[in-house]
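# Per-entry structural report
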Amino acid sequence: MAEYSVFSLLRNAFSAQPDWKPAWRKPDPKPEYDVVIVGGGGHGLSTAYYLAKEHGITNVAVVERGWLGQGNIGRNTTMIRSNYLLPQNQHFYEHSVKLWENLSHDLNYNVMFSQRGCLNLANSPSQLDDFARRGNAMRHVGIDAELMSVEQIKAFLPALDINFGGRFPVYGGLMQRRAGTARHDAVAWGYARGADRRGVDMLENCEVTGFLRDGDRIVGVRTTRGEIRAKKVAVAVAGHTGQLMKMAGINRLPIESHVLQAFVSEGLKPFMDTVVTFGAGHLYVTQSDKGGMVFGGDIDGYNTYAQRGNLPIVEDVMSELAAMFPGLARVRLLRSWGGIMDMSMDGSPIITTGPLPGMYLNTGWCYGGFKATPASGWCFAWTIARDEPHPYNAAFTLDRFHRGLVIDEKGQGSTPRLH
Amino acid sequence: MLITCPYCGPRDLAEFTYQGDANRARPDPASTDQAAWNVYTYDRVNTLGDHAEYWQHSGGCRAHLKMVRSTLTHAISSVEFVRPHPGHKPSSRRKPGAAP
């Protein structure tokens, strides 16, 4: 029987709840593992889960500097979609949405995946043309997409000021109905528990301070809890990839670390039941199940490792929200915070073998890493287990920049602040 | 974040545009060395700590600036013109709130 079910709830309710087990053990590090995954965030944990589940590799440790899920997996705005233009991204993110659709069942952990749809608003006729093109590209490979008229949008989202205060009228929108949101912490905990129950060790408060090497080959990690040897070392540390790779002697990468701010308002009664984005600027907003409006905009746009941003972006995001939903203008902000993004030079991720023998790299998520969590782990686990990429991540190499094979969804070039 | 422009004195971040990492050396424009151009275009040191970078005072005097700023604390330790400006004297404007 599943560990969490209506029967286990009832049984524990009648016996003062003594029988629940911790979701994961707190083991001491073993001297050697088959695979060590550096980074206990969403992508590291899902990698551990799929290594155990899909490939039967269970002699695995996840090494985390702090506690599991303290980074961007708990800092994002929880949006999930696969409305991409370029085929490399389409296939990868669509695989992710399909994994999301069965994730609660697969993990026996309610990740509260809610397919409430994602509506991109077009605020100019040319933007609507562009959305129609993207929608057609999506439908061409079997992803759902729907071009909505102004009348349809009015009926679908009554709270929206369809004229944006007269400045940026809405011309239409691109809707993906299978897109949605999920409860981000549950994703981390569900993957951690699933991996733990299959024998993976979660090593928290265990900071990597260096790599063990045998010539060129990486043969383990040096940590604050001692040396751990490993046949394979996988790195999934998002914004701190550069710092970790410097320990391995790699000083330059096609990655810059930037801060992305996110915001949540006080709780409101049900107000909107979708994810909606602003076309004339950059804003995405949804309402959480607790009632808070969860939203964010652009990255601050300068290199930083500080998990806090500056006020110009706050002002920008607030004014866009108030232009879209004048009814929210007097709602109070509850919290804002920042997370460090691993911005790649083309806006697309990197999931690859190397760059050194014995090493595997997962990075470059820009600010779209949350929706990728299942597919990222699934593809990374495949890459680690078989020493070659799955077709879904074959294009996401590290050397694509030098080979002229960039995957630049927006055509912005190597300027991370614009992706 | 306040940036002290050598012309205009301390101004709000909103007036400035980030122009990127200054730890890169652009190859000679006549160079046809593909590898050198690739490194210049795509590879970054992504420094943790004091970071050399370019900014433009796009909402002010439009000067291009080279700064050193900590990527951990956002503290700015130096701001100068990208190209030295003959005859320019450093700004004597007081910081907002400082004693006259």
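This report concerns the structure included in the present document. (Residues numbered from 1 in each chain as written. Chains lettered and ligands numbered in written order. Predicted model: local features only at pLDDT ≥ 70, side-chain atom pairs only at ≥ 80, totals over all residues. Heavy atoms only, no water.)

What follows covers the interface of chain B and chain A. Facing 27 residues of chain B, the contacting portion of chain A comprises 24 residues. Of the roughly 2,400 Å² buried where chain B meets chain A, counting both sides, 49% is carbon and sulfur surface. Seen at the junction of chain B and chain A, the total is 1 salt bridge. Measuring nitrogen to oxygen at the nearest pair gives 2.9 Å for the salt bridge that ties A:Glu256 to B:Arg44. Between the two partners, chain B and chain A, sit 19 residue pairs in polar contact (both at pLDDT 80 or more). Across the side of chain B that touches chain A, the residue classes break down as 10 nonpolar, 11 polar and 6 charged. (Contact = heavy atoms within 4.5 Å. Buried area = accessible area lost by both parts, 1.4 Å probe. Salt bridge = Lys/Arg side-chain N within 4 Å of Asp/Glu carboxyl O. Polar contact = N/O pair within 3.5 Å; in protein donor to acceptor, adjacent residues only side chain to side chain. Nonpolar A, V, L, I, M, F, W, Y, C, P; charged D, E, K, R; others polar.)

This part is about the pattern of salt bridges. All names here are of chain A. As enumerated under the stated definition, the model contains 25 salt bridges over all chains in all. For Arg225, the salt bridge identified is with Asp28, shortest N-O distance 3.3 Å. Here Arg225 is found in the loop between strand 10 (217-223) and strand 11 (226-235), whereas its partner Asp28 is found in the loop between helix 1 (6-13) and strand 1 (32-38), with 197 residues between them in sequence. Through salt bridges with shared partners, one network takes in Glu3, Arg25, Arg193, Asp196, Arg197 and Asp201. (Helix = DSSP H or I, 4+ residues; strand = E, 2+ residues; numbered from the N terminus.)

Residues and elements named next belong to chain A. With respect to the helices and strands, Thr373 occurs in helix 10 (residues 369-386). A distance of 2.7 Å separates a polar side-chain atom of Thr373 from the backbone oxygen of Phe370. Once residues lying within four places of it in the same chain are set aside, the contact partners of Thr373 are Gly42, His43, Ser46, Ile73, Ser96, Trp100, Val187 and Tyr191.

This next bit is on unusual backbone geometry. Residue A:Gly354 is joined to A:Pro355 through a cis peptide bond whose omega torsion reads 5°. As for its position among the elements, A:Pro355 is in the loop between strand 17 (350-353) and strand 18 (359-363). Of note, A:Thr78 is a non-glycine position whose phi angle comes to about 65°, a positive value. The residue A:Thr78 is located in the loop between strand 2 (60-63) and strand 3 (79-80) in this model. You can call A:Thr78 buried: its relative accessible area is 13%. Within the chain, B:Asn46 stands out as a residue other than glycine whose phi angle is a positive 55°. Among the structural elements, B:Asn46 can be located in the loop between helix 1 (34-42) and strand 4 (50-56). (Buried < 20%, exposed > 50% of the residue type's maximum accessible area, 1.4 Å probe, protein only.)

Bringing the nonpolar core into the picture now. A:Phe92, A:Trp100 and A:Met202 are the most contacted members of the largest nonpolar core, which has 52 residues in total. Sorting the residues of this core by element identifies strand 1, helix 2 (42-55), strand 2, helix 3 (87-101), helix 4 (103-107), helix 7 (184-197) and helix 10 of chain A as the ones contributing at least two each. The residues touching A:Met202, leaving out its near neighbours within four places in the chain, are A:Trp24, A:Arg25, A:Pro27, A:Leu45, A:Val62, A:Leu68, A:Ala192, A:Ala195 and A:Asp196. Among the nonpolar cores identified, the runner-up in size contains 30 residues, and A:Ile350, A:Leu356, A:Phe401 and B:Tyr42 belong to it. (Core = buried A, V, L, I, M, F, W, Y, C linked by side-chain atoms within 4.5 Å.)

Moving on to empty space enclosed by the protein. Scanning the entire structure with this criterion turns up 1 cavity of 30 Å³ or more. If you add up the space inside the largest cavity, you get close to 40 Å³. A:Gly242, A:Lys246, A:Ile250, A:Asn251, A:Arg252, A:Leu253, A:Ile255, B:Arg44, B:Val45 and B:Asn46 together form the lining of the largest cavity. In terms of residue class, the lining of the largest cavity is built from 4 nonpolar, 3 polar and 3 charged. (1 Å grid on protein atoms, 1.4 Å probe; cavity = no way out; pocket = protein on both sides within 12 Å on 5 of 7 lines; lining within 4 Å. Points joined across faces, edges and corners; volume = space filled by probe spheres on them.)

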